[in-house]
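As a plain string of letters, each chain reads:
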Amino acid sequence: MTQRGLLIVVEGCDRSGKSTQCDILVNSLQQKGIDTELVKFPDRTTQTGKMIDSYLQQKSELDDHAIHLLFSANRWEAMKTLSEKLNNGKTLVVDRYAFSGVAFSSAKGLDLEWCRNPDIGLLTPDIVLFLDLSIDDAEKRGGFGDERYEKRELQIKVRDQFMKLKDDSWKFIDASQSKENVEKEIWNTIDATRNLLQDNIQELQFN
Ligand code: Z5A
Ligand code: MG
């Protein structure tokens, strides 16, 4: 029987290098002969993703609850395909997941428990790599951009909310290091936990 792939989630503050490191990690895993694919949320290509993209680019307005539910729907519509891929042995590296959803919406003032509810039942990650970067260091990376949430005050609140969501599956990575050193720390973390994860691998779990 094919052993299922791992669900590796990469989370973190804005500008912490998530997308950069996801690309590197996918390549490194592939080079080791591990069948791996990159997934990114929000997926801006689907119908819900197009609405999210327009909202993030400040081209449209939506109620805070409505956009929260759209981000969640954007994940739900991918779940069947993702679980099939995992069950067929593919490892997935996921750039942002439900933790971002809860952290951003609750930082805007929505109730944390309310924010968690629509994502209950999504696939549970085997490991969450949290790329940790102070807001000051994030700003040194060329400043925040023009998208809706790219503001210092909100980003400070988002980090506080993320800290309320962590559990034992979270591994903190010091994202203030050079790209190469972050890459090494991530690889060492994956390598240290991979055998443990593979030994304890269960059927896919839904949270
Ligand atoms: N959002 C939400 O509200 N609800 C949800 O459910 C979800 C998301 C899933 C868009 O996300 C917004 O959606 C986001 C959260 C919200 N809002 N904010 N803010 P996105 O994932 O599409 O956002 P993004 O545009 O990709 O930005 P990002 O993820 O914050 O950036 P990053 O991926 O962490 O960083 P990067 O693109 O890899 O690197 C940023 C820059 O830093 C770039 O110039 C790199 O070359 C540089 N970099 C990277 N690593 C380093 C190191 N180590 N040293 C120096 N410079 C570096
Ligand atoms: Mg990114």
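Residues numbered from 1 in each chain as written. Chains lettered and ligands numbered in written order. Predicted model: local features only at pLDDT ≥ 70, side-chain atom pairs only at ≥ 80, totals over all residues. Heavy atoms only, no water.

*Asks:* Account for the site of ligand 1, naming residues and giving values.
*Replies:* Around ligand 1 there are 26 residues in total, and D14, K18, T20, R75 and R96 lie nearest to it. Within the contact set of ligand 1, a nitrogen atom lies 3.1 Å away from a side-chain nitrogen or oxygen of Q155. For ligand 1, the accessible surface in isolation is 1,100 Å², of which the surrounding protein chains cover 81%. Among the secondary structure elements, those contributing two or more residues to the shell around ligand 1 are α1 (18-31), α3 (64-87) and α4 (98-107). Considered class by class, the residues forming the shell around ligand 1 number 7 nonpolar, 9 polar and 10 charged. (Near = heavy atom within 4 Å. Polar contact = N/O pair within 3.5 Å; in protein donor to acceptor, adjacent residues only side chain to side chain. Areas by Shrake-Rupley, 256 points an atom, 1.4 Å probe, with all protein chains shown as cover. Helix = DSSP H or I, 4+ residues; strand = E, 2+ residues; numbered from the N terminus. Nonpolar A, V, L, I, M, F, W, Y, C, P; charged D, E, K, R; others polar.)

*Asks:* So, the packing of helix α2 (residues 47-56) against α3: which residues are in play, and what are the values?
*Replies:* Between α2 and α3, the shortest axis-to-axis distance is 9 Å and the interhelical angle comes to 140°. Classified by the interaxial angle, the pair formed by α2 and α3 is oblique. Crossing angle aside, the handedness with which α2 passes α3 is left-handed. Here T48, G49, M51, I52, Y55 and L56 of α2 come into contact with α3, specifically with D64, I67, L70, F71, A73, N74 and E77. When its residues are assigned to classes, the contact of α2 with α3 shows 8 nonpolar, 3 polar and 2 charged. (Axes fitted to C-alpha atoms, helices over the stretch in contact; angles between N-to-C directions. Parallel < 35°, antiparallel > 145°, perpendicular 65-115°, else oblique. Left-handed = near helix turned anticlockwise from the far one by under 90°. Contact = heavy atoms within 4.5 Å.)

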